[in-house]
Amino acid sequence: MTEVTLAVVGGGLRGLTYARRAHATGAGRVVAVAEPDPGRRAAFAAEFGIRPELAYDDWKELAAAGRLADAAVIATHDRLHTDPAVTLADLGYHILLEKPMATDEEESVMIADAAERNGIMLAVCHVLRYTPYTRVVKELLDSGRIGRLVSVQHLEPVGWWHQAHSFVRGHWRRQDTSAPMLLAKACHDIDWLVHLFGRPPVRVSSFGSLSHFRASDRPAEAADRCLDCPLEPSCPYSAPRLYLGCLGDPGSEFWPLSAVTPERTEEAVLDALRTGPYGRCVYACDNDVVDHQEVVMEFEDGATCSFTMSAFTPMEHRRTRLFGTHGYLDGDGLSLRVVDFRTGAEETVRTQDLAGPSAADGHGGGDEGLTDAFLAAVASGDASLLRSDAAESLMTHRVVWAAERARHTASVVTL
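Residues numbered from 1 in each chain as written. Predicted model: local features only at pLDDT ≥ 70, side-chain atom pairs only at ≥ 80, totals over all residues. Heavy atoms only, no water.

Asker: Hey, could you run me through empty space enclosed by the protein in this one?
Answerer: One simple way to see leftover space: roll a probe sized like a water molecule over the atoms. All told, the structure shown has two cavities of 30 Å³ or more when counted by the stated rule. Considered as a void within the structure, the largest cavity measures approximately 150 Å³ in volume. Taken together, 13 residues line the largest cavity, and the ones lying closest to its centre are Leu128, Tyr133, His317, Arg318 and Gly333. Taken together, the residues of the lining of the largest cavity break down into four nonpolar, eight polar and one charged. If you go around the second largest cavity, the residues you meet are Leu6, Tyr18, Ala19, Ala22, Val73, Leu96, Thr371, Phe374 and Leu375. (1 Å grid on protein atoms, 1.4 Å probe; cavity = no way out; pocket = protein on both sides within 12 Å on 5 of 7 lines; lining within 4 Å. Points joined across faces, edges and corners; volume = space filled by probe spheres on them. Nonpolar A, V, L, I, M, F, W, Y, C, P; charged D, E, K, R; others polar.)

Below you can see the structure in the form of structure tokens.
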């Protein structure tokens with residue numbers, strides 16, 4: 001396969017993940033990077049052998065140099081997707097765009113329009129579509145193994161410590177600086193569910209709130225920071241327990257520890273917890289995103305789907321039950337129990353993928369699958385190798401925004 005050249009905008013966790021996969025397989029080669037953090041930029045350039053003059057501190061400088069590569073990976077923060085995506089599409093780059101497309105509908109439409117206007121391939125990083133597990137589920141549904149799909153129950157177990165890390169103390173804690181949690185975290189799941197049904201829903205409703213990580217739930221003895229708190233040893237959200245426990249584990253040092261400090265020492269971790277956002281008490285932060293939410297969808301043929309996102313779980317693979325007219329599927333992200341109503345037979349189907357659910361271990365193989373598919377599509381010019389395009393991703397984002405409107409207005413929204 002022809003080697004695809006890549007320019008990476010955003011050299012953090014997600015940009016590194018896609019770049020490393022491209023490099024490891026030999027299907028892609030990173031030739032340029034734009035990253036504002038000088039230490040991160042230097043490390044990224046050194047790892048991939050990028051010439052100094054092609055390591056930019058701003059994506060605008062990269063764009064001003066013209067088209068430097070076949071494709072661009074855009075892995076900036078959520079609110080910084082639109083301008084680089086539109087500009088690089090106009091330069092003719094094919095684009096791998098970290099989810100969400102953008103934080104509002106108008107900007108997402110601008111991105112989709114730019115992709116169509118320029119005839120480029122744009123893949124939003126809905127990595128769940130690309131896991132071996134998803135491939136098996138979709139094949140079973142499309143083959144009619146359980147008849148017509150009538151209803152689905154789907155759980156995203158965010159994980160108690162992951163909620164505290166990303167959505168209470170971390171970058172995605174506030175809607176005004178990031179996005180609603182349903183968009184920032186669970187647009188993966190809404191997209192995946194629409195993918196299984198093969199069509200968008202016609203009606204959506206939703207319920208959810210911030211019920212625990214707030215000042216009213218703060219114990220009277222709690223301090224503003226974990227390192228000063230007498231309750232820290234028994235608190236489930238202890239920052240020292242979480243982040244000191246990452247030391248020595250390469251996966252955990254890559255994520256979540258890399259968000260806290262670039263150094264891998266006890267002294268550096270403790271210093272970050274004394275002064276930075278990740279050492280704050282979870283009941284004394286400025287977070288406002290929900291910690292649990294339900295979404296209910298109805299499809300044109302009367303099929304229904306319920307989705308639960310909850311912080312109050314272990315961090316595990318998603319769990320899904322699919323109810324058909326002729327059978328039943330029960331999946332845990334790695335294997336599926338298949339029950340055939342016509343014969344009474346039961347079968348366990350294993351996907352043979354041992355990757356875990358988190359960003360540290362590739363989202364169940366989805367990070368690798370997406371990267372491979374995108375590079376193959378660019379190399380061959382065959383967009384059918386991608387499991388969604390800009391228009392389809394825009395459609396599934398619109399389901400998320402409809403659910404948020406329903407939640408805020410206590411209504412049922414018709415799409």
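Asker: Help me out: how do you make sense of the domain arrangement of the protein in this one?
Answerer: By a frequent convention, interface size equals the accessible area lost on bringing the separate parts together. When the domains of the protein are assigned, the result is domain 1 (4-120), domain 2 (129-213 + 287-369 + 391-414) and domain 3 (215-275). Computed from C-alpha coordinates alone, the two centres of domain 1 and domain 2 are separated by 27 Å. Taken together, the contacts link 18 residues of domain 1 with 21 residues of domain 2. Put simply, domain 1 and domain 2 have two salt bridges between them. We note a salt bridge from Asp367 to Arg14, for which the minimum N-O separation is 2.8 Å. At the surface where domain 1 touches domain 2, the tally comes to ten residue pairs in polar contact (both at pLDDT 80 or more). Contributing elements (two or more residues each) for the side of domain 1 that touches domain 2: helix H1 (13-25) and helix H5 (105-118). Broken down by element, the residue count for the side of domain 1 that touches domain 2 peaks at five residues, all from H1. (Domains from an automatic or database assignment. Contact = heavy atoms within 4.5 Å. Salt bridge = Lys/Arg side-chain N within 4 Å of Asp/Glu carboxyl O. Polar contact = N/O pair within 3.5 Å; in protein donor to acceptor, adjacent residues only side chain to side chain. Helix = DSSP H or I, 4+ residues; strand = E, 2+ residues; numbered from the N terminus.)

Asker: What is the right way to look at the layout of surface pockets in this model?
Answerer: Each pocket or cavity is described by its volume, and for the second largest pocket that value is around 160 Å³. The wall of the second largest pocket is formed by 15 residues, among which Cys229, Leu231, Cys235, Cys281 and Tyr283 lie closest to the centre. Classifying every residue of the lining of the second largest pocket by side-chain character gives twelve nonpolar, no polar and three charged.

Asker: Looking at this model, I keep getting lost on the UniProt feature "domain: Gfo/Idh/MocA-like oxidoreductase N-terminal" (unreviewed entry) in the protein. Mind explaining?
Answerer: The feature "domain: Gfo/Idh/MocA-like oxidoreductase N-terminal" (unreviewed entry), as annotated in UniProt, sits at residues 6-125 in this numbering. Within the segment residues 6-125, helix and strand shares are 44% and 20% respectively, and the terminal C-alpha atoms sit 16 Å apart. (UniProt positions renumbered as here; feature names shortened; annotations may be inferred.)

Asker: Looking at this structure, how should I read the packing of aromatic side chains?
Answerer: Within a pair of aromatic rings, the relevant descriptors are the distance that separates the centres and the angle that separates the planes. One pass over the full model with this rule turns up seven aromatic pairs. Here the aromatic rings of Phe44 and Phe48 are separated by 4.8 Å at their centres, their planes lie at 45°, and the arrangement is tilted. Of this pair, Phe44 and Phe48 both sit in helix H2 (residues 38-48), four residues apart, which is roughly one turn of the helix. Residue classification places Phe48 among the buried residues on the basis of a relative accessible area of 11%. (Phe/Tyr/Trp six-rings, centres within 6.5 Å; stacked < 30°, edge-to-face > 60°. Buried < 20%, exposed > 50% of the residue type's maximum accessible area, 1.4 Å probe, protein only.)

Asker: What exactly am I supposed to notice about the pattern of salt bridges here?
Answerer: It is possible for side chains bearing opposite charge to pair when their charged atoms get close. As enumerated under the stated definition, the model contains 28 salt bridges in all. A salt bridge links Glu298 to Arg203; the nearest nitrogen and oxygen atoms lie 2.8 Å apart. Of the two residues, Glu298 sits in strand S9 (residues 292-298) while Arg203 sits in strand S8 (residues 203-209), which places them 95 residues apart along the sequence. With a relative accessible area of 26%, Glu298 lands in the partly exposed category.

Asker: Mind showing me how you'd approach unusual backbone geometry here?
Answerer: Keep in mind that most residues, glycine aside, have a negative phi and that most peptide bonds are trans. The omega angle of the peptide bond from Lys99 to Pro100 is -10°, so this bond is cis rather than trans. Relative to the elements of secondary structure, Pro100 occurs in the loop between strand S5 (94-97) and H5. Phi at Ala410 takes a positive value of approximately 50°, unusual for a residue other than glycine. Within the secondary structure, Ala410 is located in the loop between helix H15 (390-409) and strand S15 (413-414). Among the residues examined, Ala410 registers a relative accessible area of 69% and is labelled exposed.

Asker: Sorry if this is basic, but what is going on with the sheet that holds strand S2 (residues 28-34) here?
Answerer: The pairing of strands in a sheet happens through backbone hydrogen bonds and is either parallel or antiparallel. One open sheet accounts for six strands, arranged S3-S2-S1-S4-S5-S6; its pairing is parallel. Both outer strands of the open sheet, strand S3 (55-56) and strand S6 (122-124), are each paired with one neighbouring strand and no more. Inspection of the sheet shows strand S1 (residues 4-9) paired to strand S4 (residues 71-74) by four bridges, in the parallel sense. Paired with Val9 across the two strands is Ile74, which belongs to S4. (Pairing = 2+ DSSP bridges.)

Asker: Please clarify how the sheet that holds strand S12 (residues 327-331) should be interpreted in this entry.
Answerer: Taken together, nine strands build an open sheet; the order of strands is S14-S13-S12-S11-S7-S10-S9-S8-S15 and the sheet is mixed. On the outer flanks of this sheet lie strand S14 (346-350) and S15, each paired with one strand and no other. Of the strand pairs in this sheet, strand S7 (residues 149-157) and strand S10 (residues 304-310) are connected by seven bridges, and their pairing is parallel. Within S10, the residue paired with Leu155 across the bridge is Thr308. The strands touched by H15 are S8, S9 and S15; relative to S8, the strand with the most contacts, the crossing angle is about 60°. (Axes fitted to C-alpha atoms, helices over the stretch in contact; angles between N-to-C directions.)

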